[in-house]
Amino acid sequence: MQGRLSAWLVKHGLVHRSLGFDYQGIETLQIKPEDWHSIAVILYVYGYNYLRSQCAYDVAPGGLLASVYHLTRIQYGVDQPEEVCIKVFAPRRNPRIPSVFWIWKSADFQERESYDMLGISYDNHPRLKRILMPESWIGWPLRKDYIAPNFYEIQDAH
């Protein structure tokens, strides 16, 4: 099922895949990593001026990683703003997605957290480094194939 934004993207020759609608009726689109930056700029110009949230998840053990963007079109005098969910899938071996920091500044910490937890590299991000885990941490804790290092509690050391 194709939504209004998907139809507009098709009309203008922009490559994407419609994933339908979520339970709230928000249109969900899949964009390839190599197309994401140009489509993000187009969406901003089209009116999606607010990045409500960005998150990432591991689709399946050994499978793809996904970076998810929830965009809102905020306009003066509109009670119900238009929203869209964009999913960008990246291969697990070398997950690279263009950063949208220079379009929506609120992507800063959110992309850093996705990098820290899942290892997705956001190209052209100005400060892409760990934000929650120590810099010396090895691995990506939210990947489904992550094996936690052997830790022991201080009280168990006695």
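Residues numbered from 1 in each chain as written. Predicted model: local features only at pLDDT ≥ 70, side-chain atom pairs only at ≥ 80, totals over all residues. Heavy atoms only, no water.

(A) Spotlight on a nonpolar patch on the surface. Residues V41, Y44 and V45 make up a contiguous nonpolar surface patch of roughly 280 Å² in combined accessible area. As for its position among the elements, Y44 is in helix α2 (residues 33-46). For Y44, a relative accessible area of 40% translates into the label partly exposed. (Patch = residues over 30% accessible without salt bridge, like charges linked within 9 Å, V, L, I, M, F, W, Y side chains within 5 Å. Areas by Shrake-Rupley, 256 points an atom, 1.4 Å probe, with all protein chains shown as cover. Salt bridge = Lys/Arg side-chain N within 4 Å of Asp/Glu carboxyl O. Helix = DSSP H or I, 4+ residues; strand = E, 2+ residues; numbered from the N terminus. Buried < 20%, exposed > 50% of the residue type's maximum accessible area, 1.4 Å probe, protein only.)

(B) Quick peek at the pairing of strand β4 (residues 65-73). Judged by how many residues are buried, β4 sits mostly within the fold: 9 of 9 residues are covered. With burial as the criterion, each face of β4 is covered, one bearing L65, S67, Y69, L71 and R73 and the other bearing A66, V68, H70 and T72. Pairing geometry for strand β3 (residues 50-58) and β4, over 8 bridges, is antiparallel. Bridging across to β4, S53 finds its partner in H70. Hairpin remark: β3 followed by β4, antiparallel, with 6 residues in the connecting loop; positive phi at G62, about 80 degrees. The pairing of β4 with strand β5 (residues 82-90) spans 9 bridges and is classified as antiparallel. Across the sheet, the residue bridging to R73 is E82, located in β5. (Pairing = 2+ DSSP bridges.)

(C) Highlighting the sheet that holds strand β1 (residues 17-21). An order of β1-β2-β5-β4-β3 is seen for the 5 strands of this open sheet, with the pairing classed as mixed. What marks the edges here is a single partner per strand, and that holds for β1 and β3. With strand direction ignored, the average angle separating the axes of adjacent strands in the sheet is 20 degrees. Contacts from helix α1 (residues 4-11) reach β1, β2 (27-31) and β5, with the element oriented near 35 degrees to β2. In the packing of helix α3 (residues 107-118) onto the sheet, the strands contacted are β3 and β4, and the crossing angle to β3 comes to about 0 degrees. (Axes fitted to C-alpha atoms, helices over the stretch in contact; angles between N-to-C directions. Contact = heavy atoms within 4.5 Å.)

(D) The arrangement of the UniProt feature "domain: NADH:ubiquinone oxidoreductase 30kDa subunit" (unreviewed entry) in the protein in detail. This chain's UniProt record puts "domain: NADH:ubiquinone oxidoreductase 30kDa subunit" (unreviewed entry) on residues 30-148. Taken as a whole, residues 30-148 contains 22% helix and 29% strand, while its terminal C-alpha atoms sit 31 Å from one another. (UniProt positions renumbered as here; feature names shortened; annotations may be inferred.)

(E) How the structure looks around the packing of aromatic side chains. Applying the stated criterion across every chain yields a total of 6 aromatic pairs. Where W8 meets Y46, the ring centres are 4.3 Å apart and the plane angle is 40 degrees; that geometry is what we call tilted. Of the two residues, W8 sits in helix α1 while Y46 sits in helix α2, which places them 38 residues apart along the sequence. Exposure remark for W8: the relative accessible area of 21% places this residue in the partly exposed category. Residue classification places Y46 among the buried residues on the basis of a relative accessible area of 19%. Taking the centre distance of 6.2 Å and the plane angle of 70 degrees together, the rings of Y44 and W104 count as edge-to-face. (Phe/Tyr/Trp six-rings, centres within 6.5 Å; stacked < 30°, edge-to-face > 60°.)

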